[in-house]
Every structure is written in structure tokens, then in C-alpha cells.
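This is what each chain is made of:
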Amino acid sequence: MTGTSTSAADGLNRGASPFRERLGSDLDVDICVVGAGLAGLTVAREAARLGASVAVLEGRQIGWNASGHHLGTVMPGFGLPIADLIERVGFDDARELWALSREGVEYVRATATEELIPGIGYSEGALEVSNVDVGETLIGRLQMLAEDFSTEVEGWQVDRVRSVLRTRRYFHGIHYPKAFQIDGRRYVHGLAELATRAGARIFEDTPVVSIDFSGIRKRIVTPSAKLRAGHIVLAGNVHLGAPLKRLSDTLLPVWRYAALTEPLGEGLSEAVAFSGSVTDSDGIDHFRVVGGDRLLWASPETTWDARPQRLSGAVQRRIATMFPKLGKVPIAEMFGGAVGVTVHGMPQIGQLRRGLWVASGFGRHGLNTSAIAGQLIARSILWGDDRWRLFSPFELVWAGGTTGRVAGHLISLWARGASSAAGVLARYREGARAKERRREARLAEANLKAGTRGAVRRPPPGAARVPPRAPAPMRDDEPHPHISQESERIPGGPV
Ligand SMILES: Cc1cc2nc3c(=O)[nH]c(=O)nc-3n(C[C@H](O)[C@H](O)[C@H](O)COP(=O)(O)OP(=O)(O)OC[C@H]3O[C@@H](n4cnc5c(N)ncnc54)[C@H](O)[C@@H]3O)c2cc1C
């Protein structure tokens, strides 16, 4: 049931897919692409634009999995955090990889125009918010992104974040003014249309059941016909299966689910006044307002294929936790899809052996990274551009099979639990600081009132509260224990 939605809704544009025939007779092409998701279609479009004859074989329908069921946020970067990327490949290569990820963003921006894909619903701005109070870390990251990685970013203080997202759950934020969002379903069908216009042929309902890689011309077998090609691009994501099981086994399939709510009225703009996408730094929640008064919200994940409807309660609870004023929101539609997560967090882009290419493992960052794959692979086959080698350090690593899935699920549960515990701690600290500030304000006020009579003594920070005792008899030359001398007045007014 992956990649399905429970009902149509007006808030999100769901473009209908024209039916494309299955492969009915044998064919000979330059390039055969397996899989008509974002990755396969981008490779096909780019290769056809460069003059190759291309056939795309899709086992089901265009975009039936993750590519037709995502939130449409387009940002630079990869699943692997930037600091880990530098550690893994060094600063210079990390910069080059990051530049490719920005190129991927620009590719989607140039493709997702009203002229090329009508109804694409382009809007700008994305905010990455922190669930914990980590101002210093954030400033370091901002500097690195802006100065070393040429990415336009703004740091938002807690107050600014909370002025547009009315929840105590979020602290600082990084605003990407040039990130954007689009209607995901329109985009994948638009890509298919553009690939077809460029000359590629797309066949649906045509699963590839086996491939003979030997020889210069490779042979591809489908239930109804055979195909011969000089190059094969495997863009089947986690469903590739039989043609190269060992490749599928290098991906941990993670099913991610999202909800589109019913219209929520004015209450929504009071809770969420940011028009772009919001993601949290732990990768748990991802949401945005669509159609003016609906929420599109992705959060729950499983390592097995569940019916999206079963996760609607989880999304409702999550929204109510983050924005209690919204309460239990009515859900209009649930959808989801399987993303392929690699062990190292980077996509699989490159040549496995002569004429055999891979474009998969895009995780939750599929729009910009599949665009990179499409361009690099097409240009390498047709122009000899070898920049895909930047991805070579990220080898195909076995994801651990069933044990890996169980472990993946446990790690995900643990990470979500740890993130929520860190959030609780951050909010507790914030509450304690606010309480301390209020106490100081009261103290300063009391001092003002006390005027020339002297200031009220401030208890040392962290002093234990002790129950009041009956005062001991006082001598005339002793200062009053609860009224300090003028020289001890606490400086400053209320904070
Ligand atoms: C809820 C959700 C929200 C997301 N939000 C975002 C977002 O906002 N931004 C972002 O960048 N990314 C997002 N993603 C991630 C993004 O959707 C994926 O990374 C991307 O769609 C993966 O594309 P793909 O082409 O690799 O895979 P797929 O979409 O899985 O396409 C692969 C295709 O290959 C076909 N196939 C497989 N094996 C065979 C075979 N043997 N023969 C023929 N055909 C075969 C399959 O049928 C499938 O159609 C989200 C994902 C989900 C689930």
C-alpha cells in the first residue's frame, strides 16, 4: 500500500497521470533506465536532451512510490550532515559535493516553472528549527554555510522563530530564503512529460525481471518483451529487487508518512505564520501550510510497509504536541512512500561496471540529489564528465538485511526518544531561566521600593530554600539580616 493516498483534497494539487503503454515488443536503445521516479526520469530527460535514444521501464506507474508522495521541499544538502561530510571526504571535496547539491536545487528551480509544469505551486523559503537550545552550534553552522559553502542563510533568534511558529518546542532557526517548495506530484508527472518531449519513451506496468550485464550491449528482460541497451541506469530505489538484489540490499527501506489536514480556519495562521517549509534539526517533523489553511505534515516512519491511514493518529498527536492550540486536527488525506537510506547517508550515484549505472539512496533529500544524479550520469555517458566520482568514497555498503531493518527501527525510535528528551531538558532549562529572570525582576522592584532604606539581599544562585525561622534577638549594632547595606544593592533593573 505504499505511495497511496486515502482521498483527494483541494489543498494539494494532484495532477492526474496519463496512462502510458507497457513495453509490447523488443527494442534497441542507447540507454535503458529502470524506474520512473524522480531519479530515473531526470536521467532520461537529460540523456534524451543530449541526443541519446532512451527507454524508461517502470514496473508500476510513474511516481507511485516516494516520488509522487513527498512534501516538495527543495533545499541544498544531503542526508549526511555537513560536518560529517567534511570529516569523511575532507574540506575541498565536501565543498564540491555541496556545490553539486546547490546545482541540483537550481536544476529543479529551472524545471519547476509554470511554463514547463503548469500548476507547480512554487513558493520560497524554508526554516530549519532546533528542538534544543543550541545557539552557539547554530552560529558556527551558519558561518560555515554562508562563508565556506556559498549558501544564502539567515540565523533566526528564538523570539523570531516563535513569532512565526507559536510553540515553545522550537528554539533557534536557520532560514534558507532561496529554498523553495513545489507540488511534488505535479513535478514527477511534469518531469515525465518533459522527458517524453525530449524524446525518451516511457513504459509503465513493465517490471524488469532480469538483466544480463555481460557484453557491450546489455540485455534487459521484462514479462512482455526484451530490450537491448549500451547503458543501463538502475533507478529503482528500494523496489529494484530481482535484477540486482545485491544493490537493493545496500538500502535500508524507510516508509515515511504524511497527512494533509482538512481546512483549519484562522486558528492555523495564529499557530503557523511561516509560509515556507519547516523541518526540525532532528529530522522528525517536516511541515508547511498549503492552500492557505491546511497543514501538510510528515513525521511517522516505519521500516515496514504500513497502510498510511493507520498512521493518521500519530500525525494528529504530533501536531497537537507541537501546536497544542490546534488540538486534534481532522485529516483529509494520508499518504506515504518508501525512501532508500544508505548506511553512510549519501546517495548512490555512479558507474558500477562498464555501462551499468546506479542512481538511488536519496533518502529524504530526494529532489535536489536525484537532480544531481540525472545530470551527472547523462553527462558522463554522453560527454565523459566524470564528476560522479566525487561520490566514489561512499561505497555500496550492505544495509544489514532484516536485522538491519530491525536495528534501523530501534535506532530511529531511540533517536526520536533522545530528541524528545533533549527537547524536554531544553524547555525545562528555558523555564528555569525565565523563572530566575522573574525573580530578579521582583527583587529589583522591591529594591526600588525599599529606596534609601537599603536593598533587598539577593540569595546566592542555587541557594537552597529553607523554611523561615523565628529571628534571634537583635543587637543594636548588627545590620538587619534581611536588609542589606546600600553598598550591596544589586545593580541593574528588571531584566
Ligand atoms: C512522505 C515523504 C516526504 C518527502 N519529502 C521530501 C521533500 O520534501 N523533499 C525532498 O527532497 N525529498 C522528500 N522525500 C524523499 C523523496 O521523495 C525521495 O528521495 C525520492 O522520491 C526518491 O526517488 P527515486 O526515483 O529514487 O525512487 P522512487 O520514487 O521509489 O522511484 C523508483 C521507481 O522505480 C521503479 N522500479 C523499481 N524496481 C523496478 C524494476 N525492477 N523494474 C521496473 N521498475 C522498477 C519503482 O516502481 C518506482 O516507481 C520525501 C519522501 C516521503 C516518503
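Residues numbered from 1 in each chain as written. Predicted model: local features only at pLDDT ≥ 70, side-chain atom pairs only at ≥ 80, totals over all residues. Heavy atoms only, no water.

## Brief notes about the overall build of the protein
The cut-off we apply is this: The numbering of helices and of strands both runs from the N terminus, where a helix is a DSSP run of H or I of at least 4 residues and a strand a run of E of at least 2. Buried residues are those whose accessible area, probed at 1.4 Å on protein chains only, stays under 20% of the maximum for their type, while exposed residues exceed 50% and partly exposed ones sit between those limits. Contacts were defined at the residue level, with two residues in contact if any of their heavy atoms lie within 4.5 Å.
The helix and strand tally for the protein stands at 11 helices and 17 strands. Put simply, the protein has 495 residues, and 51% of those count as buried. Across the protein, contacts joining residues at least 24 apart in sequence account for 76% of those joining residues at least 6 apart.

## Focus: the side chain of Thr261
Relative to the elements of secondary structure, Thr261 occurs in strand S11 (residues 252-261). For Thr261, a relative accessible area of 0% gives the class buried. When near neighbours in sequence (up to four residues on either side) are disregarded, Thr261 contacts Arg294, Leu295, Ile319, Val329, Pro330, Ile331 and Ala332.

## Topic: the packing of aromatic side chains
The description of an aromatic ring pair rests on the distance of the ring centres and on the angle between the ring planes. This is how it is decided: Pairing of aromatic rings covers Phe, Tyr and Trp, the last counted by its six-membered ring, and requires centre-to-centre distances within 6.5 Å; plane angles under 30 degrees mean stacked, over 60 mean edge-to-face, and any other angle means tilted.
The full count for this structure, using the stated rule, is 9 aromatic pairs. Measuring from ring centre to ring centre gives 4.2 Å for Phe287 and Trp297, while their planes differ by 5 degrees; the resulting arrangement is stacked. Within this pair, whereas Phe287 is found in strand S13 (residues 286-290), its partner Trp297 is found in strand S14 (residues 294-302), the two being separated by 10 residues in sequence. For the pair Phe287 and Trp297, one class covers both residues: buried. Judged by centre distance (5.8 Å) and plane angle (85 degrees), the ring pair of Phe287 and Phe323 falls under edge-to-face. One end of the pair, Phe287, is in strand S13; the other, Phe323, is in the loop between helix H9 (312-322) and strand S15 (331-341), with 36 residues separating them in the sequence. Accessibility classification places Phe287 together with Phe323 in one group, the buried group.

## Describing the site of the ligand
Quick reminder of the rule: A molecule or strand has a residue near it when one of that residue's heavy atoms lies within 4 Å. As used in this structure description, the phrase polar contact means that two N or O atoms lie within 3.5 Å; if the pair is within protein, one of them must be able to donate a hydrogen and the other to accept it, and residues adjacent in sequence are counted only when both atoms belong to side chains. Accessible surface is estimated by sampling points in the Shrake-Rupley manner with a 1.4 Å probe; for residues, cover comes only from the protein chains shown.
As a matter of local geometry, the ligand sits amid 37 residues, with Glu58, Trp64, Asn65, Ser67 and Gly363 nearest to it. In this structure, a nitrogen atom belonging to the ligand sits 2.8 Å away from a main-chain N or O atom of Arg364. For the ligand, the accessible surface in isolation is 1,000 Å², of which the surrounding protein chains cover 97%.

## A word on the pattern of salt bridges
In plain terms, the rule: Whenever a carboxyl oxygen of Asp or Glu lies within 4 Å of a side-chain nitrogen of Lys or Arg, that contact is scored as a salt bridge.
Counted under the stated rule, the structure contains 18 salt bridges. Salt-bridge contacts for Arg22 lead to Asp205; the nearest nitrogen and oxygen are separated by 3.7 Å. Here the residue Arg22 occupies a position in the segment before strand S1 (27-34), and Asp205 occupies one in the loop between strand S7 (201-203) and strand S8 (210-212), the gap between them amounting to 183 residues. Relative accessible area serves as the criterion here: at 38%, Arg22 is assigned to the partly exposed category. Relative accessible area serves as the criterion here: at 37%, Asp205 is assigned to the partly exposed category.

## With respect to the packing of helix H1 (residues 38-49) against helix H6 (residues 184-198)
Basically, it comes down to this: Axis geometry follows a simple rule: fit a line to the C-alpha atoms, using only the stretch in contact for helices, then measure angles between N-to-C directions, giving values from 0 to 180 degrees. When describing relative orientation, an angle under 35 degrees is termed roughly parallel and one over 145 degrees roughly antiparallel, while 65 to 115 degrees is termed roughly perpendicular and anything else oblique. By convention, the crossing between two helices is left-handed when the near helix turns anticlockwise from the far helix through less than a right angle, and right-handed when the turn is clockwise. Side-chain classes are defined by residue name, with Ala, Val, Leu, Ile, Met, Phe, Trp, Tyr, Cys and Pro counting as nonpolar, Asp, Glu, Lys and Arg as charged, and the others, Gly among them, as polar.
Two elements in contact, H1 and H6, have axes separated by 8 Å at closest approach and are oriented at 25 degrees. Classified by the angle between their axes, H1 and H6 sit roughly parallel to one another. Viewed along their axes, H1 and H6 form a crossing whose handedness is left-handed. Contact residues: Leu38, Leu41, Thr42, Ala44, Arg45, Ala48 and Arg49 in H1; Tyr187, Val188, Leu191, Ala192, Leu194, Ala195 and Ala198 in H6. A breakdown of the residues in the contact of H1 with H6 according to their chemical character gives 11 nonpolar, 1 polar and 2 charged.

## A short note on a positive patch on the surface
For clarity, the threshold we go by: Patch rule: a residue counts if its relative accessible area is over 30% and it has no salt bridge; like charges are joined within 9 Å, and nonpolar side chains (Val, Leu, Ile, Met, Phe, Trp, Tyr) within 5 Å. None of His or the chain ends enter the tally, which takes Lys and Arg as positive and Asp and Glu as negative. The atom standing in for a charge is NZ when the residue is Lys, CZ when it is Arg, CG when it is Asp and CD when it is Glu.
A surface patch of positive charge is lined by Lys435, Arg437, Arg438 and Arg442. Tracing the chain through its elements places Arg437 in helix H11 (residues 401-450).

## Focus on unusual backbone geometry
Even without being a glycine, Ser150 presents a positive backbone phi close to 45 degrees. Mapped onto the fold, Ser150 is located in the loop between helix H4 (135-148) and strand S5 (154-156).

## Some remarks on the nonpolar core
For the record, the criterion: Take the buried Ala, Val, Leu, Ile, Met, Phe, Trp, Tyr and Cys residues and link them wherever side-chain atoms come within 4.5 Å; each set so joined is a nonpolar core.
Counting 71 residues, the largest nonpolar core has Leu97 and Tyr187 as its most contacted members. The leading source of residues in this core is helix H10 (residues 366-383), at 8 residues. Setting aside its immediate chain neighbours within four residues, Tyr187 contacts Leu38, Tyr107, Val108, Thr111, Ala112, Ile117, Ile120, Ile182 and Leu367. The next biggest cluster of nonpolar side chains, apart from the first, holds 32 residues, and it includes Leu165, Val238, Ala306 and Ala338.

## Side note on H9
Put simply, the test is: In this description, the arc belongs to the directions extending from the helix axis to the C-beta atoms.
Every buried residue of H9 is listed here: Val315, Gln316, Ile319 and Met322. Taken down its axis, H9 places every buried residue within 135 degrees of arc, on the same side. Contacts made by the buried residues of H9 are with S11, S14 and S15.

## As for the pairing of strand S10 (residues 226-234)
Taken residue by residue, a regular strand's side chains alternate between the two faces of the sheet. The criterion, for reference: Should DSSP find at least two bridges between two strands, the strands are taken to pair.
By the bridge criterion, 7 bridges tie S1 to S10 in an arrangement that is parallel. Following the sheet pairing, Leu27 is matched in S10 by Leu227. Direction of pairing for strand S9 (residues 218-221) relative to S10: antiparallel, over a ladder of 4 bridges. Paired with Val221 across the strands is Lys226, a residue of S10. Turn length for the S9-S10 hairpin, with the two strands adjacent in sequence and antiparallel, is 4 residues.

## Notes on the environment of Leu367
In this structure, Leu367 sits in helix H10. On the accessibility criterion, Leu367 (7% relative accessible area) is buried. For the pair formed by Leu367 and Gly104, sequence separation is 263 residues and the distance between their alpha carbons is 7.7 Å.

## Things to note about the side chain of Gln375
Inspection of the secondary structure assignment puts Gln375 in helix H10. Ignoring sequence-local partners within four residues, the contact set of Gln375 consists of Glu46, Glu103 and Tyr107.

## As for the confidence of the model for the protein
The following threshold applies: The score called pLDDT rates the predictor's confidence residue by residue, from a low of 0 to a high of 100.
Overall, the prediction assigns the protein a mean pLDDT of 85, with 83% of residues at 70 or greater. Taken together, the stretch residues 4-15 has pLDDT below 50 and engages in 40 contacts with residues farther than four places along the chain or on a different chain. Contacts of residues 458-495 to residues separated by more than four positions or lying in other chains number 35 contacts, the stretch itself having pLDDT below 50.

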